[in-house]
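Descriptive analysis of the structure
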Amino acid sequence: MISPYSASALQTSLATRPRGRAAGLPADRAAGPVLLPYLYSAGTVAASGTVAAGLMATGLLTHVTIVFVPAVLVSALLWGLWPAALAIGLSFAANGLLEFAPMLDLQWRHLERPAELMVFTVVVLPFCYVVVRARAQVVEARRRSAAARSLHGFSQRLAGIREEYHLRRAIAEELSTLLEQRVILFSLGVGTLLPIASDDREIPAAVAEAARQRLEAPEGPVPHHAPHHAPQPDGWTIFILDAAHAGPTAVAIGPPAPGPGNARARAQRGELLRAMLDQAAVAIDRLQQWSEVEDARVDERAARLRDALINSISHDLRTPLAAVLGSATALQSADGVLGRAARADLLATIREETERLNDYVGNVMDLSRLRGGAIQPRLELTELADIVDAALRRARLLAGRDVVVKLPPDLPMLRLDLFLLQQALVNLIENAAKYSPPKSRITIAARVKDARVELDVSDTGLGIPKDELERVFDRFYRGVPAESGPAGSGLGLAICRAFVEANGGKVHAISEGGGTGATFRITLPIPDQAIALEAMLRDE
Amino acid sequence: MSEPGLSEHLARILIVDDEPQIRRFLRTALDAHLYAVAETGTGEGGLDLAATWTPDLVVLDLGLPDIDGIEMLRRLREWSAVPVLVLSVRGGEHDKVAALDLGADDFVTKPFGMAEFLARVRAALRRHAQVRPGDAVFAVGGLKLDMARRRLTVDGAEVRLSPKQYRLLNVLAQHAGKVLTHHHLLKEIWGPAHLNDVHYLRIFVRKLRNRIEKDPARPRFLLTELGVGYRLAAPDQFTG
């Protein structure tokens, strides 16, 4: 890896450009940094002069040359060699001025002056040299750390991106911001060139063509990111990022903006650029590997789900089908000998099992709607009471049940998809009916709490153990093993949760376990509009 | 209503459905209940039979192979007022509403039980048999609406309604037993400018239920057909 120098050199050169538009650098600072150190330096000398004058006036000190030493050293330390040189010159001048000043009552020390100045120079100059060296090292260290920070920030930003287009776009934009040049990334799709640019301006055809040639070069794309020796289209430079997994990417960098910038700054900028290109290649490669792994993981999950679905289907379709076929053939073949009660029994079986099949098909269809987030809820202002009533009329397994509905008459209207919420509720009601004793009570109650509506479906059945309260919403989860327990696909609650969430709501299970029953609570947001509407229509 | 020679039949019913197994069990069940049945699998065939065989009721599946069931209904309604009972599937609310707005009488969602289907058939036939130019009093359960005197009682006690609430109940009572779509009701009560303000209707239905239903959360008179409209229970649909 190339050692990353020069971020600050780069920024300085950006800052001193007339356009001065680099991120975080106010334009009005453009001319300041050049002259300010000299002003500060002069100011320090002036201050020293004032102090020296004071000391001489009070007679505490007669040889004031020494007073200027700190000024020179400070200038060297803070602002570098040339401001320090200015400070020396000014100190000479100030010294002379002070010692010859007519308004001060001084003693002449003609013979001492040249010697003093000589000592001053001999003492101060090596110090200056040492200080300037030290300062240069500090500046260099700062530059390095700024460059490292900038590189680190760059790779951090890239690391968070999980989508290829966004990653490439971010690379283009980051590079473009740092360089203040246009950046376009090219990669080869299936037979086409895919450009992703840092801005929305037109992509020059010559640049695209050059990138294509580089990417399609018969000897393979040049595997490092030195600019190719092939001719570059007017002022553009094309680099190649070689990512082992993702294939090569051409990075075209537009002509630099005209402006000052010495050879060293350019070289340093080049170093940083190369380091960043390395990082970009790593990021593209990593994303490619990540998505390959992720694809494999999704495939595996899908395969597991498919297996579970097939198992579930073969059990849940075959059982009712066997019952229907058996009953129907019994009726057909033994019609004459069957008593009235037996006939009624067989017919009831056919009917119930067919209804079960129908429910099952409905569940599988709901499930297929869930795949890939294909649910598009049609939200409209609606009455919860209507949905509860419709769900109760559709829910089966409620024969002989004591169903208690407690809805306050002033429940606000909600913004819901009628059918999604109805289905969610049907699934909860049937779930309650399945897992509680026949003829036991099922309660549906709603209330307003914390600016939301809570809708509870409660039964008095077995309840749910604490550690399974969340798991009941998993696909294919069943409260009891399929063979011994109530019939069901194990999909009802998973569908319920997905449909409630599509309505902007939440559903969770509450139970103390151990035969105390279970409550499933749907929480739905209250839209602002509902209250206003009711007020508006109050008097009609 | 029946021709001589067919007098043993209650009524003539035309089945338009492209699935033979559905036609088969409908025919079997309707035969057994003494209706005369004709059947066809296409919309064009349905229009022909509606013109030549003059049924008393058409059972129409909305998913037909040649012309859309909705389209067939539109063409049928250009010249015939025969009652139409639509067969639809779960989730086909959009089609149901379109069919009802085009003048279909009622719908049954597949799969359906025979008892429910026969009840809908009887209700549709009855509504058309008694073309009543003003049954001034509508009564179901304990609810009694005297339209001549604009007076409503529930279990003998008079109930006061606002003018709009009364209008809503009146429209529903005139079509008792039939689903009226949101559009239909909005147009009747608020006028054509408010066709899409279904929430107005929902608020008024709630207010009306609060006045007439014992438990507004489990209404017995004013029933919701989710996503389609409302129905005021006819006496034979009333479940107490």
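Since the model is a prediction, treat every value here as computed from it, not as a measurement.

**Some points on the environment of Ala252(A)**
Residue and element names in this part refer to chain A. Among the structural elements, Ala252 can be located in strand 4 (residues 249–253). For Ala252, a relative accessible area of 0% corresponds to the buried category. In the structure, Ala252 is positioned 41 residues away from Ala211 in sequence and 7.4 Å away in space, judged by C-alpha atoms.

**Details of the confidence of the model for chain B**
Interpreting fine coordinate detail is not advised for predicted regions of low pLDDT. In the predicted model, chain B carries a mean pLDDT of 87, and 93% of its residues have values of at least 70. Put simply, helix 5 (residues 114–129) of chain B is where chain B has its lowest mean pLDDT, 87, and strand 1 (residues 12–16) of chain B is where it has its highest, 96.

**Re the sheet that holds strand 4 of chain A**
Residues and elements named next belong to chain A. In space, the four strands of this open sheet follow the order 2-1-4-3, with antiparallel pairing throughout. In this open sheet, the two edge strands, each paired with only one partner strand, are strand 2 (193–197) and strand 3 (237–241). Going from strand to strand, the sheet's axes swing by 25° on average, the running direction of each strand aside. Bridge analysis of strand 3 against strand 4 gives five bridges, and the strand direction is antiparallel. Within strand 4, the position partnered with Phe239 by the bridge is Val251. Relative to strand 1 (residues 183–188), helix 6 (residues 164–179) is tilted by about 150°, and along the sheet it contacts strand 1, strand 2 and strand 4. Set on the sheet, helix 7 (residues 205–216) makes contact with strand 1, strand 2, strand 3 and strand 4; between it and strand 1 the angle comes to about 45°.

**Some points on the sheet that holds strand 12 (residues 229–232) of chain B**
Residues and elements named next belong to chain B. With respect to topology, three strands assemble into an open sheet ordered 10-12-11, the strand pairing being antiparallel. If you trace the sheet from one side to the other, it starts and ends with strand 10 (179–181) and strand 11 (222–225), each paired once. The sheet shows a mean angle of 30° between the axes of neighbouring strands, direction not considered. As paired strands, strand 10 and strand 12 are joined by three bridges and run antiparallel to one another. Residue pairing across strands places Thr181 opposite Gly229, the latter belonging to strand 12. Contacting strand 11 and strand 12, helix 8 (residues 198–212) runs over the sheet at an angle of about 150° to strand 11.

The rules behind these values
The written sequence of each chain sets the order in which its residues are numbered from 1. Note on labels: chains are lettered from A, ligands numbered from 1, in written order. At least 70 in pLDDT is required for a residue's local features to be given in this predicted model, at least 80 for side-chain atom pairs to be given and counted, and no such filter applies to totals for whole chains, interfaces and linings, which use all residues. The basis for every side-chain value is the complete set of non-hydrogen atoms in the structure, without hydrogens or water. We count a stretch as a helix when DSSP gives it H or I for four or more residues in a row; a strand needs E for two or more, and each element gets its number in order from the N terminus. Think of it in three bands: residues with accessible area under 20% of the maximum for their type are buried, residues over 50% are exposed, and the middle band is partly exposed, with areas taken using a 1.4 Å probe on protein chains only. Per-residue confidence from the prediction method is given by pLDDT, with values spanning 0 to 100. Two strands form a pair only when DSSP identifies at least two bridges running between them. What counts as an axis is a line fitted to C-alpha atoms, over the stretch in contact for a helix, and the angles between N-to-C directions run from 0 to 180 degrees. By definition in these notes, contact holds between two residues if any of their heavy atoms fall within 4.5 Å.

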